[in-house]
Amino acid sequence: MPDRKYHPLTFVAFLLAVFLLIMPAQADQVVVALQFGRLDLAILAIVITVGIVAAPLIYAEWQTRSRPEKYRPRLLSKITWAIIVLNVALNALNLTTYITHAG
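All of these numbers come straight from a predicted model, not from anything done at the bench. Within any chain, residue numbers begin from 1 and follow the written order of that chain's sequence. Residue-level local features of this predicted model are given only where pLDDT is at least 70; pairs of side-chain atoms are given and counted only at 80 or more, and the full residue set underlies all totals for whole chains, interfaces and linings. With hydrogens and water stripped out, all remaining heavy atoms of the structure feed into the side-chain values.

Moving on, we get to the nonpolar core. We call a set of buried Ala, Val, Leu, Ile, Met, Phe, Trp, Tyr and Cys residues a nonpolar core when their side-chain atoms join them within 4.5 Å. Throughout this description, buried means an accessible area under 20% of the type-specific maximum (1.4 Å probe, protein chains only), exposed means over 50%, and partly exposed covers the range between. Counting residues in each nonpolar core, the largest one holds 16 residues, and the members touching the most others are Leu21, Val30, Ala42 and Ile84. Those elements that place two or more of their residues in this core are helix H1 (8–22), helix H2 (25–35), helix H3 (39–66) and helix H4 (75–102). Considering every element that reaches this core, the biggest residue donor is H3, with 7 residues. Look past the residues within four positions of Ile84 in its chain and what remains in contact with it is Leu21, Val50, Val53, Ala54 and Leu57. For helices the rule is a DSSP run of H or I covering at least 4 residues; for strands it is a run of E covering at least 2, with both sets numbered from the N terminus onward. The contact definition used throughout considers only heavy atoms, calling two residues in contact when any of these lie within 4.5 Å.

Only protein atoms enter the calculation, which uses a 1 Å grid: trapped sets of points that fit a 1.4 Å probe without letting it out are cavities, open sets showing protein on both sides within 12 Å along at least five of seven lines are pockets, and any residue with an atom within 4 Å of a point is a lining residue. Grid points are joined across faces, edges and corners, and a volume is the space filled by probe spheres set on the points. Volume-wise, the largest pocket comes out at about 190 Å³. Lining of the largest pocket is provided by 14 residues; of these, Leu21, Gln26, Ala27, Asn87 and Asn91 occupy positions nearest its centre. Broken down by secondary-structure element, the contributors of at least two residues to the lining of the largest pocket are H1, H2 and H4. By residue number, the principal contributor to the lining of the largest pocket is H4, which donates 6 residues.

This next bit is on the pattern of salt bridges. The salt bridge definition used is simple: a Lys or Arg side-chain nitrogen within 4 Å of an Asp or Glu carboxyl oxygen. Applying the stated rule across the entire model yields 2 salt bridges. Taking the shortest distance from any N to any O, the salt bridge between Arg65 and Glu61 comes out at 3.2 Å. Linking Arg65 with Glu61, this pair stays in helix H3, spanning 4 residues, or about one helical turn. On the basis of relative accessible area, Arg65 is assigned to the exposed category, the value being 67%. Using a relative accessible area of 17% as the deciding quantity, one classes Glu61 as buried.

Here it is as structure tokens:
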């Protein structure tokens, strides 16, 4: 049996999560949009950045599950999913706070 390896897109998704979701790239866009009263642009920035991170991760997870003889699961994918979930939860809190104070 050949040696199973990790799917490389898992690491790519983790790096994207660090650079787009943890570092202030997304937060800056959301805060500026909310300062100008553009809730739609803030939501669009959140959806796009989360989608950019989730797309390679979903594909890597699909490949890992459909081809277990080639790829093995990675703890890094669970960490990346945790980053995505926390980011969405904190952005939901941020948007809820904005909506309750703006209206």
